[in-house]
Amino acid sequence: MATDQIRSGRLEGGRPAAVEQYLSSMEADKQIASSDIRVDIAHILMLRKQNLIDAESAKKLLKALMGYLESGLPADAFNVTREDIHAGIEAQLMADAGSDAGGRMHLGRSRNDEVATCLRMRTRELLIETLSGLFEVRQALISRAEEHTNTIMPGFTHLQHAQPTTLAHYLLAYESLFARDTSRLFDAYSRVNISPLGSAAFAGTGFPLDRKLTAEYLGFTDPMDNSMDAVANRDFIAESLSDLAILMVNISRMCEELILWSTSFVRFVNLNDAYCSTSSIMPQKKNPDTLEIMRAKSAAVIGELTAALTLIKSLPMSYNRDLQDLNPHLWNAFAQTNASLPILAEIISTAEFNVPVMKKQAAAGNTTATELADFMVREYNIPFRTAHNIVGRAVKLGSLELDVVETAAKELANISLKEKGLTEETIKKVLHPATILREKKSFGSPNPKMMKKAVKVADIRLVQDQVTGDILQDQLRDADEKMKTAYRNLINDSE
Ligand code: ARG
């Protein structure tokens, strides 16, 4: 068993291997290994600037850490006999830079503020990945919507034919959901991107740390202003997980929709073979498995959120080891979500929409009935509810033909629509889905002209979001550059 540099003062003896493994977060900590090296570098640079470590020790430690950053950590740093990656790297440094220098790194710091900092750094990276996946999905939806501003199809309520709409309207509805997911993630990012480092165990330290400097080197906007909150809170994880769960629920709805659309009784879409499987016994089958798996992944992400909230809810201030067990839930939720997004984008991009079937179905099930009622209001000044009942009765009687509508009007309201000038031709014209859509006037409706504009607006909104995403990435790159310059200056300093 390797000597544990943290335990050896206070505790006697070693621990059974099973207990060591039970307690170690090493496996999940692979996610934060690179963040932890950066945290160590920022901390040592700051200690040096504040004259809290001698130049020689700082240089030794920094050289070793830069080596890990560039060529990867030696396998031994991930030894599960260490409690976590923080202990693993510290042990590695003691081996590589000597125990005197290695033993000076942890001054004014605790693993509590260290891990909270690493988690925020890795969450930032993963949020950026989620955002770029979302951009791909939104781009695919916008491009397909642009192709289909004139593709007429039925819209549904209660999964029953309801009113005619356009495919663009449908696709942009989902794009709007994903645009809000984007905005939620940007919002989460701003609350993730603050630094706990320098809070020590929870109560700060008597050493004059420069928390603003470490925050700056690590790309955070500010140090967190309460050191107890800084180490104890994980609402940034609950928030990120909530946003991912909402996003996956939105994705799941879209999967469900496409699965339904691909059935032989709907036939609105033919999915690319690459995203389908066949049956081992039924040779005719083309199953939308990728969408089914994606729909299922949303369950896992909701589960991770539930686990996280349940874990956090019973924790008193400040740090409790339970928090370590929270992290795998976060990593898994990001892994499932970030793997889903680019695949969904490809499924949308390669889907063949069955325009003739959509068109044929657009008027099925009397989807145009509302329009006939609206027409009676506009042309004959009949109250909407009366018109609604007349048309409803005509549907019940069997059709929207003139004689049937006339009978319904007489029965229900003692009105003769024929006398008012209603003809078979007018009804046909009024009930034509293309005319109905062209006549839609309210903002946000599926009028093809409005859809063309909506495509442009969605496109501009997407470009703006992409620029915001680029800025976030630039900020991280600039901070890293600043830290590396500080490193080079220190190494080249002959002091
Ligand atoms: N592995 C721990 C975690 O992930 C790091 C913090 C350990 N702190 C402690 N007081 N034991 O939460």
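Note: the structure precedes this text.
Residues numbered from 1 in each chain as written. Predicted model: local features only at pLDDT ≥ 70, side-chain atom pairs only at ≥ 80, totals over all residues. Heavy atoms only, no water.

Participant: How do you make sense of the environment of Pro 328 when you look at a structure like this?
Facilitator: Among the structural elements, Pro 328 can be located in helix H13 (residues 327–350). The exposure class of Pro 328 is partly exposed, given its relative accessible area of 36%. Along the primary structure Pro 328 and Met 450 are separated by 122 residues, whereas in three dimensions their C-alpha atoms are 45 Å apart. (Helix = DSSP H or I, 4+ residues; strand = E, 2+ residues; numbered from the N terminus. Buried < 20%, exposed > 50% of the residue type's maximum accessible area, 1.4 Å probe, protein only.)

Participant: Looking at this structure, how should I read the environment of Phe 334?
Facilitator: Along the chain, Phe 334 falls in helix H13. When the C-alpha positions of Phe 334 and Glu 379 are compared, they lie 56 Å apart, and in sequence the two are 45 residues distant. If sequence neighbours within four positions are ignored, Phe 334 has contacts with Thr 123, Leu 126, Leu 127, Thr 130, Ser 240, Leu 244 and Ala 339. (Contact = heavy atoms within 4.5 Å.)

Participant: What exactly am I supposed to notice about helix H21 (residues 448–492) here?
Facilitator: Helical geometry: 3.6 residues make up each α-helical turn, so side chains three or four residues apart lie on a common side. The first and last C-alpha atoms of H21 sit 65 Å apart over 45 residues, in line with the 66 Å expected at 1.5 Å per residue. For H21, the capping residue at the N-terminal end is Asn 447, with a side-chain oxygen 2.9 Å from the backbone nitrogen of Lys 449. (Expected span 1.5 Å × (residues − 1). Polar contact = N/O pair within 3.5 Å; in protein donor to acceptor, adjacent residues only side chain to side chain.)

Participant: Before we go on, may I ask you to explain a negative patch on the surface in this structure?
Facilitator: On the surface, Asp 222, Asp 225, Asp 229 and Asp 235 cluster together into a negatively charged patch. Among the structural elements, Asp 229 can be located in helix H10 (residues 227–232). (Patch = residues over 30% accessible without salt bridge, like charges linked within 9 Å, V, L, I, M, F, W, Y side chains within 5 Å. Areas by Shrake-Rupley, 256 points an atom, 1.4 Å probe, with all protein chains shown as cover. Salt bridge = Lys/Arg side-chain N within 4 Å of Asp/Glu carboxyl O. Lys, Arg positive; Asp, Glu negative; His and termini not counted. Charge placed at Lys NZ, Arg CZ, Asp CG, Glu CD.)

Participant: What exactly am I supposed to notice about the packing of helix H3 (residues 33–49) against H21 here?
Facilitator: Packing of H3 against H21 leaves a shortest axis separation of 11 Å and a crossing angle of 50 degrees. Put simply, H3 runs oblique to H21. Here the hand of the crossing between H3 and H21 comes out left-handed. Contact residues: H3 offers Arg 38, Ile 41, Ala 42, Leu 45 and Arg 48, while H21 offers Asp 480, Met 483, Ala 486, Tyr 487 and Leu 490. Residues that form the contact of H3 with H21 fall into these classes: 7 nonpolar, no polar and 3 charged. (Axes fitted to C-alpha atoms, helices over the stretch in contact; angles between N-to-C directions. Parallel < 35°, antiparallel > 145°, perpendicular 65-115°, else oblique. Left-handed = near helix turned anticlockwise from the far one by under 90°. Nonpolar A, V, L, I, M, F, W, Y, C, P; charged D, E, K, R; others polar.)

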